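# Notes for the structure review
Residue-level listing of the chains:
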Amino acid sequence: MPFDLTSSFADDYLVVDNIETVTLTTVRAAITTNTNCPNTPREEMSTGEIAASGGLYQVGDVIFNLAKTLLPVAPLEGDKITDTDSLPWHIIGGVKLDNYRLNYRCVCRKDR
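Okay, so let's go over this structure. (Residues numbered from 1 in each chain as written. Predicted model: local features only at pLDDT ≥ 70, side-chain atom pairs only at ≥ 80, totals over all residues. Heavy atoms only, no water.)

## Quick word on the pattern of salt bridges
Side chains that differ in charge, positive against negative, can pair when their charged atoms come close. Test applied: For salt bridges, the criterion is a side-chain nitrogen of Lys or Arg within 4 Å of an Asp or Glu carboxyl oxygen. Every helix listed is a DSSP run of H or I at least four residues long, and every strand listed is a run of E at least two residues long, numbered separately from the N terminus. A simple rule labels every residue: compare its accessible area, found with a 1.4 Å probe on the protein chains alone, to the largest value its type can have, and call it buried under 20%, exposed over 50%, or partly exposed in between.
Scanning the entire structure with this criterion turns up 5 salt bridges. Here R28 makes a salt bridge to D79, at a shortest N to O gap of 2.8 Å. Taken together, the residues R28 in strand β1 (residues 19-28) and D79 in the loop between β3 (62-67) and β4 (80-82) connect sequence positions 51 residues apart. Across the pair R109 and D61 runs a salt bridge whose closest N-O atoms are separated by 2.8 Å. Highlighted residues: R109 in strand β6 (residues 103-110) and D61 in the loop between α2 (47-52) and β3, separated in sequence by 48 residues. When sorted by exposure, R109 lands in the same class as D61, which is buried. Among the ionic contacts, a cluster of salt bridges with common partners joins E20, R42 and D83.

## Description of the side chain of N65
For the record, the criterion: For the purposes of these results, a polar contact is taken to be a pair of N or O atoms within 3.5 Å, where, inside protein, one atom must be able to donate a hydrogen and its partner to accept one; residues adjacent in sequence count only when each atom of the pair is a side-chain atom. Residues are treated as being in contact if the distance between any of their heavy atoms lies within 4.5 Å.
Among the structural elements, N65 can be located in strand β3. Engagement of the side chain of N65 in a polar contact is seen with the side chain of E43, the distance being 2.8 Å. Contacts of N65, omitting those with residues within four sequence positions, involve T40, P41, E43, Y104 and R105.

Nothing here speaks to function; it is geometry throughout.
Okay, structure coming up:
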């Protein structure tokens, strides 16, 4: 029986450190949808990635990794993520699936 890499990693978001429950708010065709995303890891952007962005990313921007299986639609730039502390973050870019096509990597900036 061949090893199925995708299904082997599909639930990995359940067993990582530094996780929280966030809410993704999307607006598509004037319909707002709020989706709870438990076990979402948040990571700081590296200084190398900030420097390589040509000014798009700033110190303080973070990355939320949202499990694809939990989302009714893919997140887009401009959508909002509300963290466990009820702080709003807007997706400013960098939305892409990881190499296994299981998690959306969303670069976000906290509302000021």
